[in-house]
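# Inside the fold
Below, each chain spelled out in residue letters.
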Amino acid sequence: MALQIIDDCITCDVCIPECPNEAISAGGEYFVIDAGKCTECEGHYDTPQCKEVCPVDAIVPLAA
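Here the residue numbers are simple positions, counted from 1 along each chain's written sequence. Two thresholds apply to this predicted model, a pLDDT of at least 70 for residue-level local features and 80 or more for giving and counting side-chain atom pairs, whereas whole-chain, interface and lining totals are computed over all residues. Only heavy atoms go into the side-chain values, all of them from the structure, while hydrogens and water stay out.

## Concerning the environment of G36
Operational definition: Only DSSP runs of H or I with at least four residues qualify as helices, and only runs of E with at least two residues qualify as strands; both kinds are numbered from the N terminus onward. Using a 1.4 Å probe on the protein chains alone, a residue whose accessible area is under 20% of its type maximum counts as buried, one over 50% counts as exposed, and one in between counts as partly exposed.
Structurally, G36 is set in the loop between β3 (31-33) and α1 (49-53). Judged by relative accessible area, which is 73%, G36 ranks as exposed. Taking the C-alpha atoms as reference, G36 lies 23 Å from C12; in sequence the two are 24 residues apart.

Right under this line is the structure:
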């Protein structure tokens with residue numbers, strides 16, 4: 001599974017250094033997560049670190 005950043009993102013930058021897979025980058029108006037790189041931190045942490053630090057809850061499961 002992978003995560004996505006929705007338009008509630010305030011581009012605060014706190015999620016980028018938390019990603020062990022370097023899956024988060026600057027997009028148009030807000031940051032984006034590369035679904036091909038995102039593992040929801042599996043194998044690194046018990047919970048997705050970007051979700052843990054996001055101050056506006058803008059990181060959600062990728063819509064199918």
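Having seen it, we continue.
## Digging into the nonpolar core
Inclusion rule: Think of a nonpolar core as a cluster: buried Ala, Val, Leu, Ile, Met, Phe, Trp, Tyr and Cys residues, connected wherever their side-chain atoms sit within 4.5 Å. Residue contacts are counted whenever heavy atoms from the two residues lie within 4.5 Å of one another.
Within the largest apolar cluster, 15 residues are counted, with the highest numbers of intra-cluster contacts made by I5, I24, I33 and I59. Secondary structure elements with two or more residues in this core: β1 (3-5) and β3. Not counting residues up to four positions away in its chain, the partners in contact with I59 are L3, Q4, I5, C15, I33, C50, K51 and C54.

## As for the confidence of the model for the protein chain
Regions with low pLDDT should not have their predicted coordinates read in detail. Heads up, the condition is: Each residue gets a pLDDT score, which is the predictor's confidence in that residue and runs from 0 to 100.
Per-residue pLDDT for the protein chain has a mean of 95; in total, 98% of the residues score no lower than 70. Here strand β2 (residues 24-26) is the element of the protein chain with the lowest mean pLDDT, 96, and α1 is the one with the highest, 98.

## Regarding a negative patch on the surface
For clarity, the threshold we go by: Candidate patch residues must exceed 30% relative accessible area and have no salt bridge, after which like charges are joined if within 9 Å and Val, Leu, Ile, Met, Phe, Trp or Tyr side chains if within 5 Å. Per-residue accessibility takes into account occlusion by the displayed protein chains alone, with areas from the Shrake-Rupley method and a 1.4 Å probe. Whenever a carboxyl oxygen of Asp or Glu lies within 4 Å of a side-chain nitrogen of Lys or Arg, that contact is scored as a salt bridge. When charges are counted, neither His nor the chain ends are considered; positive counts come from Lys and Arg and negative counts from Asp and Glu. Lys charges are placed at NZ, Arg charges at CZ, Asp charges at CG and Glu charges at CD.
A contiguous patch of negative charge, built from D7, D8, E29 and D57, is present on the exposed surface. Inspection of the secondary structure assignment puts D57 in the loop between α1 and β4 (59-61). A residue is classified by how much of its surface remains accessible, and D57, at 59% relative accessible area, is exposed.

## With respect to the environment of A58
Among the secondary structure elements, A58 is positioned in the loop between α1 and β4. Taking the C-alpha atoms as reference, A58 lies 5.5 Å from I5; in sequence the two are 53 residues apart.

## A word on unusual backbone geometry
With the exception of glycine, the majority of residues adopt a negative phi angle, and the majority of peptide bonds are in the trans configuration. Positive phi outside glycine occurs at E40, with the angle close to 55 degrees. Looking at where E40 falls in the secondary structure, it is placed in the loop between β3 and α1. Classification of E40 by relative accessible area gives partly exposed; the value is 24%. In this structure, D57 is a non-glycine residue whose phi angle is positive, near 55 degrees.

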